[in-house]
Amino acid sequence: MKKTLIAMAAAAVAFTGLTAPSYAEGERFVLISHAPDSDSWWNTIKNGLALAGEQVGAEVEYRNPPTGDIADMARIIEQTAASNPDGIITTLADPDVLSGPIQNAVAKGIPVIIINSGTPEQAADVGALMYVGQPEYDAGLAAGQRAKRDGIGSFLCVNHVVSNPVVGERCRGFADGLGVELGDSMIDSGQDPAEIKNKVKAYLTANPDTEAVLTLGPTSADPTIGALQEMGKAGDLYFGTFDLGTEIVKGIKDGTIKWGIDQQPFLQAYMPVIVLANYQRFGVLPGNNINSGPGFITKDALAKVEKFAGEYR
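The model shown is predicted, which means the values in this text are computed figures rather than measured ones. (Residues numbered from 1 in each chain as written. Predicted model: local features only at pLDDT ≥ 70, side-chain atom pairs only at ≥ 80, totals over all residues. Heavy atoms only, no water.)

### Remarks on the side chain of serine 99
Piece 1. With respect to the secondary-structure elements, serine 99 resides in helix H4 (residues 95–107).
Piece 2. Judged by relative accessible area, serine 99 falls into the buried class, the value being 16%.
Piece 3. Within polar-contact distance, the side chain of serine 99 engages the backbone oxygen of proline 95 at 2.6 Å.
Piece 4. When neighbours within four sequence positions are excluded, serine 99 is seen to be in contact with Leu92 and Val126. (Helix = DSSP H or I, 4+ residues; strand = E, 2+ residues; numbered from the N terminus. Buried < 20%, exposed > 50% of the residue type's maximum accessible area, 1.4 Å probe, protein only. Polar contact = N/O pair within 3.5 Å; in protein donor to acceptor, adjacent residues only side chain to side chain. Contact = heavy atoms within 4.5 Å.)

What follows is the structure, given as structure tokens:
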């Protein structure tokens, strides 16, 4: 297909008598995330970054704080800006800590695109070109409205990244979609799998009338699957989750999980590289932010998702 498209493009140029635009490839774009090394969900981000770099002929680099420490991430942004890349792609997991380094990069004339964490408004505030990601509250609201239609009235939200307030908007949106108060329904589960499992079991034991569980990604979903299996509730308790992963796809397939919300992280890395390359080469820029999600994945639409889960989905 690639060879065919190249041949077609060359033929079109020859037919019209036009010459292809001349530009220098080899720009360097750096993607900086807040994710610790242990979070495998970001492998899809890395794959999207690598593929886009290959396709546009740019050098790409992924950097992150190994433990997920936000102060360490701020230093990485500063170090990256000092190396004068042609563009920075970064999450905005904590605006209080990260806004300064990002604004300093923008002031140096480095184009910045915010992805994944943060909001379009926060991206504009720090001077970024645009935001590429999922509007988290809206995604949570849509999930809550869906659950309400399915007869759900109470839930547990397992939040493994309480330090990132934007992710918590998923829980708040879900509560609003159900038409209930969030209150104590959201727990700080931490990121240790055993701790998450124990906290889920403790909450459900103390609140036996809970009708649904919402997890915010594989980090919290995978141990929650184990908790429900151990409690004999797998497949009986209404279970929805954000994001995809190998165990989540298995859970959807066997009926443990009702649906997963795909924010398409592949696009969150892939699209910024394409945008930055064209911005640097031709000065063109999309006029709006790019919403990469949400999309609901159910058992009926698993074939391609299952094939590429953890790689491109």
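### Some points on the sheet that holds strand S5 (residues 130–133)
Piece 1. Strand order across the open sheet formed by 6 strands is S2-S1-S3-S4-S5-S11, with parallel pairing between neighbours. Of all the strands in the sheet, the pair left with one neighbour each is strand S2 (59–63) and strand S11 (290–291).
Piece 2. Here 3 bridges tie strand S3 (residues 87–90) to strand S4 (residues 112–115), and the two strands are oriented parallel to one another. The partner of isoleucine 89 across the bridge, within S4, is isoleucine 113.
Piece 3. Helix H2 (residues 43–56) rests against strand S1 (28–32), S2 and S3 of the sheet, and its axis sits at about 165° to S2.
Piece 4. Set on the sheet, helix H3 (residues 70–82) makes contact with S1, S2 and S3; between it and S1 the angle comes to about 175°. (Pairing = 2+ DSSP bridges. Axes fitted to C-alpha atoms, helices over the stretch in contact; angles between N-to-C directions.)

### Some points on the packing of aromatic side chains
Piece 1. Summed over the entire model, instances satisfying the criterion amount to 7 aromatic pairs.
Piece 2. A centroid spacing of 5.5 Å and a plane angle of 80° characterise the contact between phenylalanine 266 and tyrosine 312, whose relative ring orientation is edge-to-face. Taken together, the residues phenylalanine 266 in helix H11 (residues 265–282) and tyrosine 312 in the segment after helix H12 (303–308) connect sequence positions 46 residues apart.
Piece 3. According to the relative accessible area criterion, phenylalanine 266 is buried, its value standing at 15%.
Piece 4. Tyrosine 312 sits in the partly exposed class, given a relative accessible area of 30%.
Piece 5. Members of the aromatic cluster, joined through ring pairs, are Phe266, Tyr270, Phe308 and Tyr312. (Phe/Tyr/Trp six-rings, centres within 6.5 Å; stacked < 30°, edge-to-face > 60°.)

### Observations regarding the pairing of strand S9 (residues 238–242)
Piece 1. Of all 5 residues making up S9, 5 are buried, and the element is well covered by its neighbours.
Piece 2. Burial along S9 is two-sided: Tyr238, Gly240 and Phe242 facing one way and Phe239 and Thr241 facing the other are all buried.
Piece 3. In the sheet, strand S8 (residues 212–215) pairs with S9 via 4 bridges, with the strands oriented parallel. In the strand pairing of S9, leucine 214 is matched with glycine 240.

### Focus on the packing of H3 against H4
Piece 1. Relative orientation of the contacting elements H3 and H4 amounts to 5°, with a least axis distance of 9 Å. Judged by the inter-axis angle, H3 sits roughly parallel to H4. Packed against H3, whose contacting residues are Ile70, Ala71, Met73, Ala74, Ile77, Glu78 and Ala81, the element H4 presents Val97, Leu98, Pro101, Ile102 and Ala105 at the interface.
Piece 2. The residue makeup of the contact of H3 with H4, split by class, is 11 nonpolar, no polar and 1 charged. (Parallel < 35°, antiparallel > 145°, perpendicular 65-115°, else oblique. Nonpolar A, V, L, I, M, F, W, Y, C, P; charged D, E, K, R; others polar.)

### Section: the pattern of salt bridges
Think of it this way: side chains of opposite charge can pair up when their charged atoms draw near.
Piece 1. This model, assessed by the stated rule, comprises 13 salt bridges.
Piece 2. The salt bridge partner of aspartate 72 is arginine 75, with a shortest N-O separation of 3.9 Å. Taken as a pair, aspartate 72 and arginine 75 lie in helix H3 at a separation of 3 residues, close to a single helical turn.
Piece 3. Take aspartate 72: its relative accessible area is 21%, and that puts it in the partly exposed class.
Piece 4. Under the relative-accessibility criterion, arginine 75 is labelled partly exposed at 44%.
Piece 5. One salt bridge in this structure joins arginine 170 and glutamate 136, with 2.8 Å as the shortest N-O distance. With arginine 170 in helix H7 (residues 165–178) and glutamate 136 in helix H6 (residues 136–149), this pair connects stretches of sequence that are 34 residues apart. Here arginine 170 and glutamate 136 have matching classes, each one buried.
Piece 6. Here the residues in one salt-bridge network are Glu136, Arg170 and Asp243, joined through shared partners. (Salt bridge = Lys/Arg side-chain N within 4 Å of Asp/Glu carboxyl O.)

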